[in-house]
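# Observations on chain architecture
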Amino acid sequence: MKFPFVNCQAMRPTIIPTCLTALLLAPLAAPAQHAPTVPTASLVGDGTHDDTAAIQALLDSRRALVYLPAPAKHYLISQPLRIHSNQTFQLDRFTVIRLKDGSDCVMINNDDHERGNENIALIGGVWDMNNEGQSLAEYQKTRIWKGEYDPARYLGVLMRFNRVKRLTLRGLTLKDPVTFSTQLGNLEEFTIEDIAFDHNLKRTNMDGIHVHGNSRHGRITNLKGATNDDLVALNADDGGIFEMSRGAIEDVVVDGLWAKDGYTAVRLLSAGSPIRRIRLANIFGTYRYNAVSFTNHKVHPGTASTFEDISIRGLFCGKSAMGMNVDPSQPGSSNLSLIWIDAPAVVHGLTMSDIRRTETVWPAATMFVEPGATIKALQLTQATVFNHTPGPLDLLVNRGTIEHLSLSQVNLEASEGPARGAVIHNGGKIDKQDLQQVSVVNGAMEMVGKAAR
């Protein structure tokens with residue numbers, strides 16, 4: 001901030017107070033809002049001319065703020081944009097930046113994946129990968145996932161950030177990727193918030209926020225829209241050509257997800273590296289597969305699948321039958337439960353609270369523990385499940401091992417018709433259980449034996 005220059009020393013002492021008053025009361029120049037960092041004559045924004053070079057020149061200016069003014073139509077790019085450390089790239093919320101037909105590349109990434117970057121922020125804009133104008137990723141054609149991650153390989157990812165400390169993604173709309181909307185790994189102190197997914201669901205593996213291993217201290221909040229794979233994936237390990245990084249994922253909050261006819265809201269994947277201290281909260285909508293899954297997927301066969309201190313608070317979800325071949329009178333397969341604990345998961349402490357489910361579509365279990373999976377301590381409080389389907393809807397199906405189970409303030413109720421469903425359907429092992437204020441209407445408190453799955 002600069003004041004107008006006034007030469008007070010050249011004036012007589014009797015005038016100094018007037019001089020100081022003039023200096024202090026001089027109007028201050030307001031900081032420019034969203035000012036372009038260089039002249040924008042080279043930017044066209046007509047949706048026809050290629051704006052890649054002009055936008056990259058703005059980023060390469062290394063100014064702290066690069067802002068793109070609203071275009072006549074939309075910006076068109078054909079090559080990956082590269083953002084640098086200590087830089088914010090900002091667009092108005094509904095300014096569209098679109099990938100040109102046949103470009104077959106990521107839209108934006110950080111410039112140094114080897115040494116890393118810091119203090120990068122991407123704010124605003126509709127980032128349209130235009131998936132029907134791009135080729136399928138090679139693995140989508142061949143189904144071959146084997147091999148090692150190569151940053152030069154075309155994976156159909158919309159944006160990629162690797163080795164960034166203090167990454168911020170805010171106020172974005174991510175539209176029609178070929179595969180992942182985001183591929184992120186080796187992150188520290190990251191913030192991802194207020195993201196909308198506008199996916200046409202015409203491709204497979206259309207993840208939303210996909211975080212790879214060696215990532216910690218992050219907050220992911222307020223995500224909206226259906227994706228054609230995991231809305232949020234926290235994958236400490238991953239498979240083959242996608243494995244950008246491996247390592248623990250620790251101290252992450254995911255709060256506020258909504259999707260109608262979504263795929264899975266949150267997937268946790270550990271296949272050798274642990275996932276620790278994760279807080280999942282306020283998940284809304286309907287999902288074809290899971291609201292939350294604990295998986296291994298044998299991406300590294302024989303490795304441990306370790307989850308420590310996981311909490312789920314506020315689950316307001318039901319099932320979607322969109323594109324699913326389901327019988328509304330039958331629960332379906334175990335991997336379609338709202339909360340799925342797959343083998344060989346070992347969960348060291350899982351707390352769940354405020355589970356509210358009114359099911360009208362089909363009676364997949366609210367929680368399913370697979371054979372070979374272990375939960376050391378499971379605590380569930382304040383859960384209400386209403387079953388308005390013709391089939392049996394169980395609150396908890398256990399085929400694995402639960403060493404200590406605690407249920408309190410739990411209610412399971414089925415609508416009129418034959419009694420169906422149980423609070424606990426145990427076909428595995430429960431070493432110790434503590435049940436308080438548990439009620440059931442038109443169903444069973446406990447059933448023993450394998451559930452029909």
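Residues numbered from 1 in each chain as written. Predicted model: local features only at pLDDT ≥ 70, side-chain atom pairs only at ≥ 80, totals over all residues. Heavy atoms only, no water.

This part covers the nonpolar core. Counting 97 residues, the largest nonpolar core has Phe 89, Trp 127, Phe 161, Ile 220 and Ile 341 as its most contacted members. Take this core: its biggest share by element is six residues, from strand 11 (residues 182-198). (Core = buried A, V, L, I, M, F, W, Y, C linked by side-chain atoms within 4.5 Å. Buried < 20%, exposed > 50% of the residue type's maximum accessible area, 1.4 Å probe, protein only. Helix = DSSP H or I, 4+ residues; strand = E, 2+ residues; numbered from the N terminus.)

Where strand 9 (residues 159-170) lies against strand 11, nine bridges are found, and the strand directions are parallel. Counterpart to Asn 162 in the pairing with strand 11 is Gly 185. With three bridges joining them, strand 10 (residues 173-175) and strand 11 adopt parallel strand pairing. In the strand pairing of strand 11, Thr 173 is matched with Ala 196. As paired strands, strand 11 and strand 12 (residues 209-212) are joined by three bridges and run parallel to one another. Following the sheet pairing, Gln 183 is matched in strand 12 by His 210. (Pairing = 2+ DSSP bridges.)

A few words now on the pairing of strand 14 (residues 230-235). Strand 14 sits mainly inside the fold: six of its six residues count as buried. Examined bridge by bridge, strand 12 and strand 14 share four bridges and lie parallel to one another. Note that in strand 14 the partner of His 210 across the bridge is Ala 233. Bridging between strand 14 and strand 16 (residues 264-269) involves five bridges; their strand directions are parallel. Bridged to Asn 235 within strand 16 is Leu 269.

These figures capture arrangement, not role.
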